[in-house]
Amino acid sequence: MLQIRDVMTRDVLTVTPETTLRDAAELFARRHVSGAPVVVGEKVVGVVTATDLLDFVASTPTVPTGGEEPREVDEWALEKWDVGDAPPATYFNELWADAGASTDERFAETSSPEWDLFAEHTVAEVMTRKAVSLAPDLPVTAAADYMKSTGVHRVLVLDQGRLLGIITSSDVTRAVAEHKIADHKYVFDRSVEHR
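So, here is what we can say about the structure in this document. (Residues numbered from 1 in each chain as written. Predicted model: local features only at pLDDT ≥ 70, side-chain atom pairs only at ≥ 80, totals over all residues. Heavy atoms only, no water.)

As for the pairing of strand β2 (residues 43-49)
Then comes step 1: β2 sits mainly inside the fold: five of its seven residues count as buried.
Then comes step 2: Relative to β2, strand β1 (residues 35-40) runs antiparallel, the two sharing six bridges. Bridge pairing in β2 links Pro 37 to Val 47. (Buried < 20%, exposed > 50% of the residue type's maximum accessible area, 1.4 Å probe, protein only. Helix = DSSP H or I, 4+ residues; strand = E, 2+ residues; numbered from the N terminus. Pairing = 2+ DSSP bridges.)

Notes on helix α8 (residues 140-150)
Then comes step 1: Turning to α8, its buried residues number three or more, namely Val 140, Ala 143 and Met 147. Mapping the buried residues of α8 onto a view down its axis gives an arc of 60 degrees, with all of them on the same face. In α8, the exposed positions that point more than 90 degrees away from the buried face belong to Asp 145, Lys 148 and Ser 149.
Then comes step 2: Along its buried surface, α8 packs onto α1 (4-7), β3 (133-134), β4 (154-159), β5 (162-168) and α9 (169-177).
Then comes step 3: Looking one or two residues past α8, Gly 151 carries a phi angle of roughly 80 degrees, positive in sign. (Arc of directions from axis to C-beta. Contact = heavy atoms within 4.5 Å.)

Some words on the pattern of salt bridges
Then comes step 1: In the structure shown here, the tally under the stated rule is four salt bridges.
Then comes step 2: Across the salt bridge formed by Asp 171 and Arg 174, the nearest N and O atoms sit 3.0 Å from each other. Of this pair, Asp 171 and Arg 174 both sit in helix α9, three residues apart, roughly one helical turn.
Then comes step 3: Of the residues examined, Asp 171 reaches a relative accessible area of 4% and is grouped as buried.
Then comes step 4: Overall, the relative accessible area of 42% leaves Arg 174 in the partly exposed class. (Salt bridge = Lys/Arg side-chain N within 4 Å of Asp/Glu carboxyl O.)

What to know about the sheet that holds β5
Then comes step 1: Strand order in the open sheet made by the three strands is β3-β4-β5, with mixed pairing throughout. Only two strands of the sheet have a single neighbouring strand rather than two, namely β3 and β5.
Then comes step 2: Sheet topology places β3 next to β4; two bridges connect them, and they run parallel. Counted as the bridge partner of Leu 134 is Val 157 from β4.
Then comes step 3: Most of the contacts of α8 go to β5, to which it runs at about 70 degrees, and overall it touches β3, β4 and β5. (Axes fitted to C-alpha atoms, helices over the stretch in contact; angles between N-to-C directions.)

Some points on the pairing of β5
Then comes step 1: Counting buried positions along β5 gives five out of seven residues, so the element sits mostly inside the fold.
Then comes step 2: Sheet topology places β4 next to β5; six bridges connect them, and they run antiparallel. Directly across from Arg 154, in β5, lies its bridge partner Thr 168.
Then comes step 3: Connecting β4 to the antiparallel partner β5 that follows it, the hairpin turn spans two residues, and Gln 160 within it adopts a positive phi of roughly 55 degrees.

Keep in mind that these numbers describe shape and distance, not what the molecule does.
Structure follows, in structure tokens:
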């Protein structure tokens, strides 16, 4: 019977609670993973996923940028643009220093105010503190059943609290595709004479 240890990923990317959300996101993108265990020394203290990062971004207001106080709507209507004066859109260029930059330039510049929020928060703020795990000697089908029933895509593989690896839905899918999982059941009708 194929065990979790036979298909798990052993080279596991880990982060610490102090890792910034920016660094975690960059690690996920660079390693093409969607989550990682959070460790302090050898101890697993949680899990952080791309979904945790997206939830944080979606639920946290952006950092306000500098500039003059917002004006009342009526003040906008009173202002006229005379030929030769700066166009009204100049207001936005003054409000956001990188407003005229191309998208590539804005993404490359990580010190602008719109990026500070992600860099100033850590994994500890968004991680799931209860990390689920399975033993390495369990059958792969047990991992698949667990993932299906809980809706998770990755489960840590721990042996007496020590992180050995991680089993993901991709690992299980790969094992099935490579015909490594063989769950044969033979049923014979004992009343029929076999020749």
